[in-house]
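Each chain, letter by letter, is given below.
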Amino acid sequence: MLDEPTSGLDPLMEAVFRDIIAEERRAGRTVLLSSHILAEVEALCDRVSIIRDGRIVEAETLAQLRHLTRTSVTAVLDRVPDGGLPHVHDFSVDGKRVRFHADTGHIGEVMARLTEYGVRDITAQPPPWKSCS
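Trainee: In this structure, what is going on with a nonpolar patch on the surface? I would like to understand it.
Mentor: Residues L9, L12, M13, V16 and I20 make up a contiguous nonpolar surface patch of about 420 Å² in total accessible area. Relative to the helices and strands, L9 is located in the loop between β1 (2–3) and α1 (11–26).

Take a look at the structure:
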């Protein structure tokens, strides 16, 4: 059981640590890792458990947990929506510029709805999770 194992390591020692974990994986051993660093989780873990109030609330592969992530969107529109959009969170307006987080699993639906308001410019930043093989 390792708790934030790379905290304080320089990049060289972090790479050595990752190699050791990879060796253990190839040997068929299980390593329990506690980390808030998503890049570390992504690089080292096959499965992730999310613990809230001492209970496991999700336990899946990284690819299966993508539904829990959100994409950050900034857009300049001809017209600003006067109500909320489905699958959108933290919606804010500054003139004709809107900023929000969209449920990544519904990003296509959100973008389709957004085009109804005349998109002039848009920037979307994907969540930190990548597809896993």
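Text resumes after the structure shown.
Trainee: I'm lost on the side chain of T104 in this one. Help?
Mentor: Summarising the element assignment, T104 is placed in the loop between β7 (97–103) and α3 (107–115). Judged by its relative accessible area of 13%, T104 is buried. Separated by 3.0 Å, the side chains of T104 and T71 make a polar contact.

Trainee: Can you help me understand the pattern of salt bridges in this one?
Mentor: It is possible for side chains bearing opposite charge to pair when their charged atoms get close. If you walk through the whole model with that rule in mind, you get six salt bridges. In this structure, R29 engages E24 in a salt bridge whose closest nitrogen and oxygen atoms are separated by 3.3 Å. Linking D46 and R25 is a salt bridge whose minimum nitrogen-to-oxygen distance equals 3.3 Å. You can see D46 sitting in the loop between α2 (38–44) and β3 (47–52) and its partner R25 sitting in helix α1, a full 21 residues away along the chain.

Trainee: Please explain the packing of aromatic side chains as it appears in this structure.
Mentor: Within a pair of aromatic rings, the relevant descriptors are the distance that separates the centres and the angle that separates the planes. One pass over the structure, following the stated rule, counts one aromatic pair. Considering the side-chain rings of F91 and F100, the 5.9 Å spacing of their centres and the 20 degrees angle between planes classify their relative orientation as stacked. Classification of F91 by relative accessible area gives partly exposed; the value is 30%.

Trainee: Would you mind showing me how to read the environment of L44 here?
Mentor: Summarising the element assignment, L44 is placed in helix α2. In this structure L44 comes out as buried when scored by relative accessible area, which is 9%. Look past the residues within four positions of L44 in its chain and what remains in contact with it is F17, R18, I21, R25 and L33.

Trainee: Could you clarify how one ought to interpret the pairing of strand β5 (residues 70–77) in this entry?
Mentor: The side chains of a regular strand alternate between the sheet's two faces. A one-sided burial pattern is seen for β5, the buried positions being T71, V73, A75 and L77 and the unburied ones R70, S72, T74 and V76. Across seven bridges, the pairing between β5 and β7 is antiparallel. Of the residues in β7, the one forming a bridge with R70 is D103. Alignment of β5 against strand β8 (residues 119–125), held across six bridges, turns out to be antiparallel. Bridged to S72 within β8 is Q125.

Trainee: Help me understand the sheet that holds β5, please; the structure alone is not making it clear to me.
Mentor: In sheet architecture, strand pairing relies on hydrogen bonds along the backbone and comes in two forms, parallel and antiparallel. An order of β6-β7-β5-β8 is seen for the four strands of this open sheet, with the pairing classed as antiparallel. Each having just a single partner strand, β6 (88–94) and β8 make up the two edges of the open sheet. For this sheet, the mean angle separating the axes of adjacent strands, direction not counted, is 15 degrees. Its contacts with the sheet put α3 on β5, β6, β7 and β8, and the angle it makes with β5 is roughly 10 degrees.

The rules behind the values
- Residues numbered from 1 in each chain as written.
- Predicted model: local features only at pLDDT ≥ 70, side-chain atom pairs only at ≥ 80, totals over all residues.
- Heavy atoms only, no water.
- Patch = residues over 30% accessible without salt bridge, like charges linked within 9 Å, V, L, I, M, F, W, Y side chains within 5 Å.
- Areas by Shrake-Rupley, 256 points an atom, 1.4 Å probe, with all protein chains shown as cover.
- Salt bridge = Lys/Arg side-chain N within 4 Å of Asp/Glu carboxyl O.
- Helix = DSSP H or I, 4+ residues; strand = E, 2+ residues; numbered from the N terminus.
- Buried < 20%, exposed > 50% of the residue type's maximum accessible area, 1.4 Å probe, protein only.
- Polar contact = N/O pair within 3.5 Å; in protein donor to acceptor, adjacent residues only side chain to side chain.
- Phe/Tyr/Trp six-rings, centres within 6.5 Å; stacked < 30°, edge-to-face > 60°.
- Contact = heavy atoms within 4.5 Å.
- Pairing = 2+ DSSP bridges.
- Axes fitted to C-alpha atoms, helices over the stretch in contact; angles between N-to-C directions.

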